[in-house]
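Each chain, written out:
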Amino acid sequence: MKPFAYVNPANEKDAVAALSPEYEKALPIGGGQDLLARMKDYITQPDRLVNVKNLDATVKPENGGLRIGAAMKMVDVADHPEIKRLYPAVAAAAIQVGTPQIRNQGTVGGNVNQRPRCWYFRNEEFVCYKKGGNRCFSPSGENQFHAILGGGPTYIVHPSSLAVPFVAYDATFRLLGPRGERLVKAADYFTMPTRENVERENVLQPDEIMTHVVLPPPGAVKSGHYEVRYKAAHDWPIAFATVLLSMNGSTVQGARVVMGAVAPVPWRSKEAEQALAGKSVTPETAVAAAEAALAKAEPLSQNAYKVQVARTAVERAILGAAGLPVD
Ligand SMILES: Cc1cc2nc3c(=O)[nH]c(=O)nc-3n(C[C@H](O)[C@H](O)[C@H](O)COP(=O)(O)OP(=O)(O)OC[C@H]3O[C@@H](n4cnc5c(N)ncnc54)[C@H](O)[C@@H]3O)c2cc1C
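Visitor: What's the story with the overall build of the chain in this structure? I'm lost.
Guide: Along the backbone of the chain there are 12 helices and 12 strands. Here the C-alpha coordinates of the chain stretch approximately 60 × 50 × 35 Å along the principal axes. Out of the 327 residues belonging to the chain, those deemed buried represent 54%. In the chain, the proportion of contacts linking residues at least 24 apart, taken out of those at least 6 apart, comes to 63%.

Visitor: I tried to follow the pattern of salt bridges on my own but got confused; where do I start?
Guide: Where charged atoms from two side chains of opposite charge come close, those side chains can pair. Within the structure shown, the criterion is met by 19 salt bridges. Close ionic contact of E208 with R182 constitutes a salt bridge, the shortest N to O distance being 2.8 Å. Residue E208 is found in the loop between α9 (186–189) and β8 (209–215), and its partner R182 is found in strand β7 (residues 180–185); the two are separated by 26 residues along the sequence. Of the residues examined, E208 reaches a relative accessible area of 3% and is grouped as buried. E227 is the salt-bridge partner of R229, the closest N and O atoms lying 2.5 Å from each other. Taken together, the salt bridges that share partners define one network made up of E24, R115, K130, R200 and E201.

Visitor: Can you help me understand the sheet that holds strand β10 (residues 239–248) in this one?
Guide: The strand order across the open sheet built from four strands is β9-β10-β11-β12, with neighbouring strands paired in antiparallel fashion. Edge positions in the sheet fall to β9 (221–228) and β12 (267–268), since each has one partner strand and no second. Those strands touched by helix α12 (residues 305–321) are β9, β10 and β11 (251–260), and its axis lies near 35° from that of β10.

Visitor: Help me out: how do you make sense of the sheet that holds strand β1 (residues 5–7) in this one?
Guide: Strand pairing in a sheet takes place through backbone hydrogen bonds and is either antiparallel or parallel in direction. Pairing in this open sheet of three strands is parallel, and the strands run β1-β3-β2 from one edge to the other. Each having just a single partner strand, β1 and β2 (26–29) make up the two edges of the open sheet. Across the sheet, the axes of successive neighbouring strands diverge by a mean angle of 25°, strand direction being ignored. Sheet topology places β2 next to strand β3 (residues 48–51); four bridges connect them, and they run parallel.

Visitor: Quick question: what am I supposed to make of the layout of surface pockets here?
Guide: Empty space among the atoms becomes visible once a probe the size of a water molecule is rolled across them. The volume enclosed by the largest pocket comes to roughly 1,000 Å³. D34, G110, N111, N113 and Q114 are, among the 47 residues lining the largest pocket, the residues nearest its centre. At the level of elements, β2, α2 (35–40), α7 (108–113) and β8 are the ones that each hand at least two residues to the lining of the largest pocket. The space that makes up the second largest pocket amounts to roughly 380 Å³. If you go around the second largest pocket, you meet 21 residues; those closest to its centre are R117, F145, V157, W236 and P237. In terms of residue class, the lining of the second largest pocket is made up of 14 nonpolar, four polar and three charged.

Visitor: Help me understand the site of the ligand in this model?
Guide: Taken together, 33 residues are adjacent to the ligand, and P28, G30, G31, T107 and R229 come closest. Contact distances for the ligand include 2.9 Å between an oxygen atom and a backbone N or O atom of Q33. At a separation of 3.2 Å, an oxygen atom of the ligand approaches a polar backbone atom of P159. Considering the ligand on its own, with 980 Å² of exposed area, one finds that the protein chains cover 93% of that surface. Because more than half of its atoms lie within 2 Å of the grid, the ligand is assigned to the largest pocket. When residues of the shell around the ligand are traced back to their parent elements, those giving at least two are β2, α2, α7 and β8. If one sorts the elements of the shell around the ligand by residue count, α7 sits on top with four residues. Looking at the shell around the ligand, its residues break down into 14 nonpolar, 15 polar and four charged.

Visitor: Where do I start with unusual backbone geometry in this structure?
Guide: Both trends apply: most residues other than glycine have a negative phi, and most peptide bonds are in trans. The linkage connecting G152 with the following residue, P153, adopts the cis geometry, with an omega of 10°. For P153, the position within the fold is in the loop between α7 and α8 (163–168). One non-glycine residue, D170, adopts positive backbone phi at about 60°. With respect to the secondary-structure elements, D170 resides in the loop between α8 and β6 (172–177).

Visitor: Any chance you could explain a nonpolar patch on the surface here in plain terms?
Guide: Where nonpolar side chains cluster on the molecular surface, the patch consists of M1, F4 and Y6 and spans about 300 Å² of accessible area. Looking at where M1 falls in the secondary structure, it is placed in the segment before β1.

Visitor: I would appreciate a short explanation of the packing of aromatic side chains in the present structure.
Guide: Aromatic ring pairs: the centre-centre distance and the angle between the two ring planes describe each pair. Taken as a whole and assessed by the stated rule, the structure comprises 10 aromatic pairs. Centroid distance F126 to F137: 5.0 Å. Interplanar angle 80°. Geometry classified as edge-to-face. In this pair, F126 is assigned in the loop between α7 and α8 and F137 in the loop between α7 and α8, connecting sequence segments 11 residues apart. Among the aromatic residues, those joined into a ring-pair cluster are F166, F173, Y189 and F190.

Visitor: I keep staring at the environment of G132 and nothing clicks. Help me out?
Guide: Of note, G132 is situated in the loop between α7 and α8. Residue G132 is classed as exposed on the basis of its relative accessible area of 54%.

Cut-off values and rules
- Residues numbered from 1 in each chain as written.
- Predicted model: local features only at pLDDT ≥ 70, side-chain atom pairs only at ≥ 80, totals over all residues.
- Heavy atoms only, no water.
- Helix = DSSP H or I, 4+ residues; strand = E, 2+ residues; numbered from the N terminus.
- Buried < 20%, exposed > 50% of the residue type's maximum accessible area, 1.4 Å probe, protein only.
- Contact = heavy atoms within 4.5 Å.
- Salt bridge = Lys/Arg side-chain N within 4 Å of Asp/Glu carboxyl O.
- Pairing = 2+ DSSP bridges.
- Axes fitted to C-alpha atoms, helices over the stretch in contact; angles between N-to-C directions.
- 1 Å grid on protein atoms, 1.4 Å probe; cavity = no way out; pocket = protein on both sides within 12 Å on 5 of 7 lines; lining within 4 Å.
- Points joined across faces, edges and corners; volume = space filled by probe spheres on them.
- Nonpolar A, V, L, I, M, F, W, Y, C, P; charged D, E, K, R; others polar.
- Near = heavy atom within 4 Å.
- Polar contact = N/O pair within 3.5 Å; in protein donor to acceptor, adjacent residues only side chain to side chain.
- Areas by Shrake-Rupley, 256 points an atom, 1.4 Å probe, with all protein chains shown as cover.
- Sits in = over half its atoms within 2 Å of the grid points.
- Patch = residues over 30% accessible without salt bridge, like charges linked within 9 Å, V, L, I, M, F, W, Y side chains within 5 Å.
- Phe/Tyr/Trp six-rings, centres within 6.5 Å; stacked < 30°, edge-to-face > 60°.

Quick look at the structure:
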């Protein structure tokens, strides 16, 4: 591993002061599980690490919602009574991340900002778009876990489990940099790859840190969160979904349907939301909405199976939100 300096700032301002205006030169480190692995694999070689795991890790009420410190551990998110009560899909996503060891070490900021798990990106031999190269290796390579929505030019899937319910609940991220704070909606934070901006997955600038996640009052929504994995632990989901329903009696007044592990960003499906609006939730309407969510899927050579997996996740998240039997 390349030698690097380690800065242990006393507060968020000092943390920002230790960053750099150049990407990859100085990086915040939370639990270090993603960052240190990338450094050991020569994918990321910063000159300086800036410890952010001693910054705010509390949960405080804010305007009827909650403000979560980015240094909070996932195990604490999963266990927090107010998060569980107001945002059950956030707690459900947190408790399924990896393993108890990963949840004990991983922070909210690190989870949301972890880099893609694509094996071409993670292998120094493959100089892909994300590392300044001129191609994505997945369309003609091993692509069984890659994107089925979004259409490239890279086919990574966003790796964060928390990002999906954060988009569904319309969370705002507080970012701090030398120019002050920025509040960015989760839905605007994650960026689709384009030829002009293919290397990064979000709008965080190299001299900024994420300090908080602000969740607005949830209102009277019912939520469902369903993840499909090869194995129960120690892996990322193949596909998953968070669904929020606002009901008028037994009729869906409004829905939020967001899928994970299917695209380079948490993928909101307005098609599925429209399919649910004005209907009662039944096994049939759940299937129809799930069909709508995946209608535009364009699988690669080895991941067509993910289309049905993602449909199942959406269908079960809808049924779960409506309090109907899931499987
Ligand atoms: C076997 C296995 C299974 C896993 N399964 C899942 C899963 O199911 N779901 C899931 O979501 N994850 C999963 N993970 C990934 C794991 O959850 C992440 O690696 C972890 O959440 C990262 O958190 P961390 O605090 O250790 O991040 P770090 O490694 O410290 O940081 C990750 C990245 O975020 C940046 N960063 C950290 N904090 C901040 C901040 N405050 N502001 C801005 N940038 C910041 C760092 O610079 C770095 O680039 C799994 C990992 C393993 C090994």
